[in-house]
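Chain by chain, the residues:
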Amino acid sequence: MPGNSTITVHADRKVHPSRAVAPPIYQTAAFSAEDAETFAQGAVAPRGTDFYTRFGNPNHAQVAAVVAELEHTEAAMVTASGMAALTTAVLALVSAGDHVIGQKSTYGGTASVLLNLLPRLGVSTTLVDQTDPEAFARALTPGTRLILVETPSNPLLQITDLRAVADLARAHDVLTVADNTFATPLNQRPTDYGTDLVWHSATKYLNGHSDVSAGVLAGSAEILDRVWDVGLLTGATLGPIDAWLLLRGIRTLPLRVPRHNANGLALAEALSAHPAVAKVHYPGLATHPQHKLAVDQMSGFGGVLGIEFTGGFEVADAFLGHLRYPRRSASLGGVESLAVHPASMWRGMLSEEQLAESVPLGLVRLAAGTEDTADLVADALEAADAVLAA
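Everything numeric in this text was worked out from a predicted model, so none of it was measured.

Engineer: Help me understand the nonpolar core, please; the structure alone is not making it clear to me.
Structural biologist: The nonpolar side chains of a soluble globular protein tend to be buried, and buried together. If you look at the biggest cluster of nonpolar residues, it comprises 31 residues, and the most contacted ones within it are Leu267, Leu271, Val280, Leu305, Ile307, Phe309 and Phe319. Going through the elements one at a time, α11 (253-272), β8 (277-281), β9 (304-309), α13 (313-322), β12 (363-367) and α16 (373-389) are the ones with two or more residues in this core. Counting residues per element, this core draws most heavily on α16, at six residues. Look past the residues within four positions of Leu271 in its chain and what remains in contact with it is Val277, Val280, Leu305, Ile307, Leu366, Ala380, Leu381 and Ala384. If you look at the next biggest cluster of nonpolar residues, it comprises 30 residues, including Val66, Val78, Leu206 and Leu253.

Written out as structure tokens, the structure is:
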């Protein structure tokens, strides 16, 4: 098995091979067929490459080939965003009358799908404390068809025991879907622990340059064919240029992730000792309550940390205003550091009651980029000093 750097550069070589060193951009909505039989086959082939771009495109297939090999899965597919990946997968795998289990600590968009969208479609949902594997077992019902997990979780960086959840689900004929956005396949591969399907907001680390909105799903061909069928109807299609940019970003993923890991850990260690900070959520810290589990199923801990300030909402917002390098932005995973106040950002997706149950009001999510570690640490400490002195 080749290494990650080799995979990201060469895993797509056999997908629409050409003499071009850099893959061409297939900026076309449709492809012609030589005869009626070829046309008919293209109209029904799942995850195709040369019938109609909503059905598939060579640039899509190139990204999918690399992601599938990185995630140790049979196949992969791309979508127009991470939320498109999630919603398309869920709509493909559950029906009215089914039951879905999710996590209490999860991305606001995922929580909104579970709490607001699925109930409107006749699908019941239960959110559990993902730090307790037994909570998933207690939530099971005869109608449970799907368990959605996210580890590390956004923005509290809680860890889900992937093997325990996958073993439980398989014993009850339930599918598992894991959000691997924060970890990336370089730090964690959920399918190695039995997870059925993995999804990413590829806008984040996979792309790595904050210039693409995209999603990726990886798993068995059988499951992805079901998801692809629904994707045709929802039209959550990634543009060829965006797919090409995503592939270009993935090429450097093995170079970027170690720096993200190093910067995230350094910031967590420095800020956890600051008097203005009540708590730092980062699985790489020995003080994290699930540090041992994180070490067991992760090879690195990522660049994202949650910082709780003793002064609550106002101090958290002031800290963001004092930062020099991290920009106040909703995203993460790019080469530039970004920071955000989740309680403010998620107000458009969740009710005030749902928000209060999901995230502390004084929490800042800081996503370390690839800047020099010393510069980021000094900047964060200066900002913390400023709010302490105010």
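Back to the text.
Engineer: Which parts of the structure should I look at to understand the pairing of strand β6 (residues 197-201)?
Structural biologist: On any regular strand, side chains alternate: one points to one face of the sheet, the next to the other face. Here β6 lies mainly inside the structure; five of its five residues are buried. In β6, alternate side chains face the same way, and those of Leu197, Trp199 and Ser201 on one face and Val198 and His200 on the other are all buried. Alignment of strand β5 (residues 175-179) against β6, held across three bridges, turns out to be parallel. Within β6, the position partnered with Asp179 by the bridge is Trp199. Of the pairings in the sheet, the one linking β6 to strand β7 (residues 215-219) comprises five bridges and is antiparallel in character. Residue pairing in the sheet places Leu197 in a bridge with Gly219 of β7.

Engineer: Mind showing me how you'd approach the pairing of β7 here?
Structural biologist: Burial of β7 is extensive: five of the five residues sit out of reach of the surface. Relative to β7, strand β1 (residues 75-79) is paired through five bridges, and the arrangement is antiparallel. Its bridge partner lying in β7, Met77 is registered against Leu217.

Engineer: Before we go on, may I ask you to explain the packing of helix α4 (residues 82-93) against helix α9 (residues 221-234) in this structure?
Structural biologist: When two helices pack together, their arrangement is captured by the angle between the axes and the distance separating the axes. Taken N-terminus to C-terminus, the directions of α4 and α9 make an angle of 110°; their axes are 8 Å apart at the nearest point. With respect to their mutual orientation, α4 and α9 come out roughly perpendicular. For the element pair α4 and α9, the recorded crossing hand is right-handed. Listed contacts from α9 to Thr88, Ala89, Leu91, Ala92 and Leu93 of α4 are Ile223, Arg226, Val227, Val230, Gly231 and Thr234. The residue makeup of the contact of α4 with α9, split by class, is seven nonpolar, three polar and one charged.

Engineer: Can you help me understand helix α5 (residues 108-120) in this one?
Structural biologist: Two residues of an α-helix separated by three or four positions point the same way, owing to the 3.6 residues in each turn. The end-to-end C-alpha distance of α5, which contains 13 residues, comes to 18 Å, matching closely the 18 Å that a straight helix rising 1.5 Å per residue would cover. For α5, the principal kink sits at Leu114 and spans about 30°. Burial in α5 covers these residues: Gly108, Gly109, Thr110, Ala111, Ser112, Val113, Leu114 and Leu118. Where α5 is buried, its residues meet α4, β2 (99-103), β3 (124-128), β4 (144-150) and β6.

Engineer: Just to check I follow, could you spell out the sheet that holds strand β11 (residues 338-340) for this structure?
Structural biologist: Sheet strands pair by backbone hydrogen bonding; their relative direction is either parallel or antiparallel. One open sheet holds the five strands; their spatial order is β8-β9-β12-β11-β10, and the pairing between them is mixed. The sheet is open, and its two borders are formed by β8 and β10 (327-328), each paired with just one other strand. With four bridges connecting them, β8 and β9 associate as antiparallel partners. By the bridge assignment for β9, Val280 is matched with Ile307. Against the sheet, α11 makes contact with β8, β9 and β12, and its axis sits at roughly 15° relative to β9, the strand it touches most.

Engineer: Sorry, what's going on with the packing of aromatic side chains here?
Structural biologist: Applying the stated criterion to the full structure yields five aromatic pairs. When the centroid spacing of 4.7 Å and the interplanar angle of 45° are considered together, the rings of Phe309 and Phe319 count as tilted. Of this pair, Phe309 sits in strand β9 while Phe319 sits in helix α13; the two residues are 10 residues apart in sequence, bridging distant segments of the chain. Considered together, Phe309 and Phe319 belong to a single accessibility category, that of buried residues. Each residue in the set Phe39, Phe51, Tyr52, Phe55 and Trp228 is aromatic and connected to the rest through ring pairs, giving one cluster.

Engineer: Explain unusual backbone geometry here, please?
Structural biologist: Omega for the bond connecting Thr151 with Pro152 falls within 30 degrees of zero, at -10°, which places this linkage in the cis form. The residue Pro152 is located in the loop between β4 and α7 (162-171) in this model. Geometrically, the link from Asn154 to Pro155 is a cis peptide bond, its omega value of 10° lying close to zero. By secondary structure assignment, the location of Pro155 is in the loop between β4 and α7. Phi at Arg47 takes a positive value of approximately 50°, unusual for a residue other than glycine. By the secondary structure assignment, Arg47 is in the loop between α2 (36-44) and α3 (58-70). For Arg47, a relative accessible area of 25% translates into the label partly exposed.

Cut-offs and rules
Residues numbered from 1 in each chain as written. Predicted model: local features only at pLDDT ≥ 70, side-chain atom pairs only at ≥ 80, totals over all residues. Heavy atoms only, no water. Core = buried A, V, L, I, M, F, W, Y, C linked by side-chain atoms within 4.5 Å. Buried < 20%, exposed > 50% of the residue type's maximum accessible area, 1.4 Å probe, protein only. Helix = DSSP H or I, 4+ residues; strand = E, 2+ residues; numbered from the N terminus. Contact = heavy atoms within 4.5 Å. Pairing = 2+ DSSP bridges. Axes fitted to C-alpha atoms, helices over the stretch in contact; angles between N-to-C directions. Parallel < 35°, antiparallel > 145°, perpendicular 65-115°, else oblique. Left-handed = near helix turned anticlockwise from the far one by under 90°. Nonpolar A, V, L, I, M, F, W, Y, C, P; charged D, E, K, R; others polar. Expected span 1.5 Å × (residues − 1). Bend = angle between axes of the 7 residues up to and from the residue. Phe/Tyr/Trp six-rings, centres within 6.5 Å; stacked < 30°, edge-to-face > 60°.

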